[in-house]
Amino acid sequence: MKTFVSILLGGFCLLSLSYSQELKAQAELVNGEGKVIGRAELIETTSGVLIKLQASGLPPNAELAFHIHELGVCEPPDFKSAGGHFNPYGSKHGLLNPEGPHAGDMPNIYTDGRGNVKVQVLNTFVTLRRGEKNSLFKEGGTALMVHGGPDDYTSDPAGNAGKRIACGVIR
């Protein structure tokens with residue numbers, strides 16, 4: 001069964017995505033204390049992977065970096081176990097870097113005054129299809145990561161995004 005979703009981007013263009021109900025994944029995000037603070041649903045579309053994130057307990061009124069990391073391990077408190085950004089093509093970091101981006105680079109997310117976020121992000125650089133070079137289901141897995149500051153979209157290797165504050169293994 002195919003479903004169609006329309007997304008308004010920057011108020012200027014309309015992007016239609018179709019996606020299959022069969023290719024989905026999820027991630028449960030935990031904070032540095034190991035407490036579950038959110039969930040993400042990942043859906044394969046004809047244009048990439050749509051990530052629907054909902055979380056709470058983040059810094060209020062904040063711009064935060066949101067990435068996919070190279071290992072499916074989220075050991076609190078610092079989540080260094082998730083490794084660096086998912087980068088199957090060996091690119092430089094940054095959505096604005098002419099030599100980038102990493103496949104795991106995504107736009108910053110924004111929390112409300114209570115530290116909540118509810119956002120949908122389309123990552124056109126990754127897939128949920130097993131066996132592909134850019135698959136999130138690679139050996140060793142992958143993880144979603146929220147950092148304590150914004151990504152500057154250019155600095156290699158991680159955009160000066162600050163410490164890792166939430167992590168979720170993609171399953």
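These numbers were taken from a predicted model, which means no experiment stands behind them.

Colleague: I'd like a rundown of the overall build of the protein chain, residues and numbers included.
Modeller: Looking only at helices and strands, the protein chain features zero helices and 10 strands. Helices and strands appear in the protein chain in the N-to-C order β-β-β-β-β-β-β-β-β-β. Across the 171 residues of the protein chain, 48% fall into the buried class. The long-range share in the protein chain, meaning contacts at least 24 apart out of those at least 6 apart in sequence, stands at 58%. Surface summary for the protein chain: the accessible area is close to 8,600 Å², and the carbon and sulfur share equals 52%.

Colleague: So what about the packing of aromatic side chains? Which residues, and what values?
Modeller: In this structure the tally under the stated criterion is zero aromatic pairs. The residue whose ring lies beneath R130 is F137, and the NZ or CZ to ring-centre distance is 4.2 Å.

Colleague: Account for the state of the cysteines, with residues named and values stated.
Modeller: Summed over the entire model, instances satisfying the criterion amount to one disulfide. A sulfur-sulfur distance of 2.0 Å marks the disulfide that ties C74 to C167. Here C74 and C167 share a disulfide; its torsion about the S-S bond, -60°, makes the bridge left-handed. Separated by 93 residues along the polypeptide, C74 in the loop between β6 (66-69) and β7 (109-110) and C167 in strand β10 (residues 164-169) bring together distant segments of the chain. Like C74, the residue C167 is buried in the burial classification.

Colleague: Before we move on, can you summarise the pattern of salt bridges with the specific residues and values?
Modeller: The full count for this structure, using the stated rule, is four salt bridges. With a closest N to O distance of 3.2 Å, E41 and K24 form a salt bridge. With E41 in strand β3 (residues 36-45) and K24 in strand β2 (residues 13-31), this residue pair connects regions lying 17 residues apart in the sequence. K92 serves as the salt-bridge partner of D156, at 4.0 Å between the closest nitrogen and oxygen.

Colleague: Now, about the nonpolar core: what can you tell me, with residues and values included?
Modeller: The biggest cluster of nonpolar side chains holds 30 residues, and the ones touching the most others in it are L42 and L144. Going through the elements one at a time, β2, β3, β4 (48-55), β6, β8 (117-123), β9 (143-147) and β10 are the ones with two or more residues in this core. Sorting elements by how many residues they give to this core places β4 first, with four residues. Apart from residues no more than four positions distant in its own chain, L42 is found in contact with L23, K24, A25, Q26, A27, V49, L50, I51, L128, L136, L144 and I170. Among the nonpolar cores identified, the runner-up in size contains eight residues, and V30, C74, F79 and A82 belong to it.

Colleague: A description of the pairing of β4 should follow, citing residues and the corresponding values.
Modeller: With six of its eight residues buried, β4 lies for the most part within the structure. Pairing between β3 and β4: eight bridges, direction antiparallel. For E44, the partnering residue across the bridge sits in β4 and is V49. Here β3 folds back onto β4, and the loop between the two strands holds two residues.

Colleague: A description of the pairing of β10 should follow, citing residues and the corresponding values.
Modeller: Of all six residues making up β10, six are buried, and the element is well covered by its neighbours. Sheet topology note: the β9/β10 ladder contains five bridges and is antiparallel. Looking across to β10, one finds that A143 is bridged to V169.

Colleague: Let's hear about the confidence of the model for the protein chain: which residues, and what values?
Modeller: Taken over all residues, the pLDDT of the protein chain has a mean of 90, while the share at 70 or more is 88%. Taken together, the stretch residues 1-16 has pLDDT below 50 and engages in 28 contacts with residues farther than four places along the chain or on a different chain.

About the criteria used
- In this convention, every chain numbers its residues from 1, walking through the sequence in written order.
- Given that this is a predicted model, residues contribute local features only at a pLDDT of at least 70 and side-chain atom pairs are listed and counted only at 80 or more, while totals for whole chains, interfaces and linings are drawn from all residues.
- Computation of side-chain values covers all heavy atoms of the structure but excludes hydrogens and water.
- Only DSSP runs of H or I reaching four residues or more are called helices, and only runs of E reaching two or more are called strands; each is numbered from the N terminus.
- Burial here depends on accessible area, computed with a 1.4 Å probe over protein chains only, as a share of the maximum for the residue type. Under 20% is buried, over 50% is exposed, and the range in between is partly exposed.
- Two residues form a contact once any of their heavy atoms are found within 4.5 Å.
- The Shrake-Rupley method, run with a 1.4 Å probe sphere, supplies the accessible areas, and residue values consider only the shown protein chains as cover.
- Pairing of aromatic rings covers Phe, Tyr and the six-membered ring of Trp, with a centre-to-centre limit of 6.5 Å; geometry is then stacked below 30 degrees between planes, edge-to-face above 60, and tilted otherwise.
- Remark: a charge is flagged as sitting over a ring if the NZ atom of Lys or the CZ atom of Arg is within 6 Å of the ring centre and within 35 degrees of the ring normal.
- Here, two cysteine sulfur atoms that lie within 2.5 Å of each other are counted as a disulfide.
- Any carboxyl oxygen of Asp or Glu within 4 Å of a side-chain nitrogen of Lys or Arg constitutes a salt bridge here.
- Nonpolar cores were defined as sets of buried Ala, Val, Leu, Ile, Met, Phe, Trp, Tyr and Cys residues, with membership established by side-chain atoms within 4.5 Å.
- For two strands to count as paired, DSSP must find a minimum of two bridges between them.
- As a per-residue measure, pLDDT reflects the predictor's confidence and takes values from 0 up to 100.

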